[in-house]
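Here are the chains, one letter per residue:
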Amino acid sequence: AQKVTQAQTEISVVEKEDVTLDCVYETRDTTYYLFWYKQPPSGELVFLIRRNSFDEQNEISGRYSWNFQKSTSSFNFTITASQVVDSAVYFCALSEQNAGNMLTFGGGTRLMVKP
Amino acid sequence: GAGVSQTPSNKVTEKGKYVELRCDPISGHTALYWYRQSLGQGPEFLIYFQGTGAADDSGLPNDRFFAVRPEGSVSTLKIQRTERGDSAVYLCASSPALTSPASGGKNEQYFGPGTRLTVT
């Protein structure tokens, strides 16, 4: 069965600091997809990124970067030069190609960026 | 374009009553998903539709929960004999046709704002 663990329940940083959110996953499928979603105080989940299991290239998008390491089953998310608007709950999620694409979410990490 | 919409945004009901929650997916998205999010937790899968049929309902907690998508677009989640433990935010998501990303398809799910259900 698939499982996603986000060990950090809450992180607090000061604006402009870099912060990394950890995500560890478990799956028996050889083809799977990893996602990060942002849930701001308004409550709506916002899609950030999808990574395919067959593509281990890391990705950078502006201040966001993602580090996918199959060897350690991790898919960590780094925000560089954090801003107050980054304050939200961030969820890592996994879907398996053989399991109908349903998402299994981690418990989320609440990020608080203070001015 | 328009995103996923859900109605109502809030629903308060008494224990034992029946409720219906509606989801309107992004136009053209064939896959539709329902999740439930309890306070302080990540969303949990309930059911998903590919077109009109329920392709996987393994996440429905019991037979009080049922969902339909009769025309392959709008979906309704129905809860009978509500219990206080049903209180949560019910999220709907849609995604394009399940073409494998290995073939260049996109399977990311786009979520609606949710319906907050409170059972008193």
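Each remark here, short or long, concerns the structure printed above.
Residues numbered from 1 in each chain as written. Chains lettered and ligands numbered in written order. Predicted model: local features only at pLDDT ≥ 70, side-chain atom pairs only at ≥ 80, totals over all residues. Heavy atoms only, no water.

Draft legend 1. Spotlight on the pairing of strand 9 (residues 88-95) of chain B. All names here are of chain B. Burial analysis of strand 9 places eight of its eight residues in the buried class, which makes it a mostly covered element. Residue alternation in strand 9 divides its side chains into two sets, Ala88, Tyr90, Cys92 and Ser94 and Val89, Leu91, Ala93 and Ser95, and both sets are buried. With three bridges connecting them, strand 9 and strand 11 (residues 115-119) associate as antiparallel partners. Note on strand 11: the bridge partner recorded for Val89 is Arg116. Inspection of the sheet shows strand 9 paired to strand 10 (residues 110-111) by two bridges, in the antiparallel sense. What sits directly across from Ala93, in strand 10, is Phe111. (Buried < 20%, exposed > 50% of the residue type's maximum accessible area, 1.4 Å probe, protein only. Helix = DSSP H or I, 4+ residues; strand = E, 2+ residues; numbered from the N terminus. Pairing = 2+ DSSP bridges.)

Draft legend 2. Geometry of the sheet that holds strand 3 (residues 19-24) of chain B. Residue and element names in this part refer to chain B. Read across the open sheet, the four strands follow the order 1-3-8-7; overall the sheet is antiparallel. Bordering the open sheet on either side are strand 1 (5-7) and strand 7 (65-68), each of which pairs with just one other strand. Geometrically, the sheet is characterised by an average inter-axis angle of 15° between neighbouring strands, direction not taken into account. Judged from the five bridges that link them, strand 3 and strand 8 (residues 75-79) form a sheet pairing that is antiparallel. (Axes fitted to C-alpha atoms, helices over the stretch in contact; angles between N-to-C directions.)

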